[in-house]
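Chain by chain, the residues:
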Amino acid sequence: MNASEHIDQLIADLNADTGDWRGKTLASLRKSILAVDKDIVEEWKWMGSPVWSLGGIIAVGNAHKDKVKLTFSHGASLPDPENLFNNGLNGKVWRAIDLFQSDEIDEPAFQNLIRAAIEFNRAKADAKKKKAPAGSRAKAAKSKDT
């Protein structure tokens, strides 16, 4: 099974459990994430976690007993004007959105958060390229010319 099929199976398994709300919530979050950018990649990591990436990890999704958690790898560095993050607020790197059964998410604000995560990943990659030793930059430029 590829990553998307694993995620499909996870959602189906959650939904099969008497129409568990967690499957519907995870499916809705997934749809919103994938709608932001056609290049977002789905991955299946850490023995059963859906992961969405573009230039680095954007977020990891998990269905817990009483909530669906979406953890943003670099959430502490992202603007969150709508205060969607409600977990990990004191950490220096990650932030999460915990959704409970009756919770709804502001989709435009959520998608802006996804866009911010993508931009963070791109900026981080650009900064890494600029820090590369001069010899490796010249080598990369030369390989592009050939």
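Rules of the game
Residues numbered from 1 in each chain as written. Predicted model: local features only at pLDDT ≥ 70, side-chain atom pairs only at ≥ 80, totals over all residues. Heavy atoms only, no water. Helix = DSSP H or I, 4+ residues; strand = E, 2+ residues; numbered from the N terminus. Buried < 20%, exposed > 50% of the residue type's maximum accessible area, 1.4 Å probe, protein only. Polar contact = N/O pair within 3.5 Å; in protein donor to acceptor, adjacent residues only side chain to side chain. Axes fitted to C-alpha atoms, helices over the stretch in contact; angles between N-to-C directions. Parallel < 35°, antiparallel > 145°, perpendicular 65-115°, else oblique. Left-handed = near helix turned anticlockwise from the far one by under 90°. Contact = heavy atoms within 4.5 Å. Nonpolar A, V, L, I, M, F, W, Y, C, P; charged D, E, K, R; others polar. Phe/Tyr/Trp six-rings, centres within 6.5 Å; stacked < 30°, edge-to-face > 60°.

(A) Highlighting unusual backbone geometry. Located in the positive-phi region is W46, a residue other than glycine, with phi close to 50 degrees. With respect to the helices and strands, W46 occurs in the loop between β1 (41-45) and β2 (49-53). Residue classification places W46 among the exposed residues on the basis of a relative accessible area of 56%. In this model, N83 sits at a positive phi of 55 degrees, which is unusual for a non-glycine residue.

(B) Local environment of the side chain of R22. Summarising the element assignment, R22 is placed in helix α2 (residues 21-36). For R22, the side chain forms a polar contact with the side chain of D20, separated by 2.6 Å.

(C) Local environment of the packing of α2 against helix α3 (residues 107-131). It is the contact of α2 with α3, at a shortest axis distance of 9 Å, that shows an interaxial angle of 55 degrees. Here α3 runs oblique to α2, going by the angle between their axes. With respect to the hand of their crossing, α2 and α3 are arranged in right-handed fashion. In this structure, α2 contributes L29, S32, I33, A35 and V36 to the contact, and α3 contributes E107, F110, Q111, I114, R115 and I118. When grouped by side-chain class, the residues that make up the contact of α2 with α3 number seven nonpolar, two polar and two charged.

(D) Highlighting the packing of aromatic side chains. Counted under the stated rule, the structure contains one aromatic pair. Plain terms: the ring middles of F72 and F85 are 5.3 Å apart, the flat faces sit at 75 degrees to each other, and that makes the pair edge-to-face. Placement of F72 in strand β4 (residues 68-72) and of F85 in the loop between β4 and β5 (95-99) is noted, with a sequence separation of 13 residues between them. Both residues of the pair, F72 and F85, count as buried.

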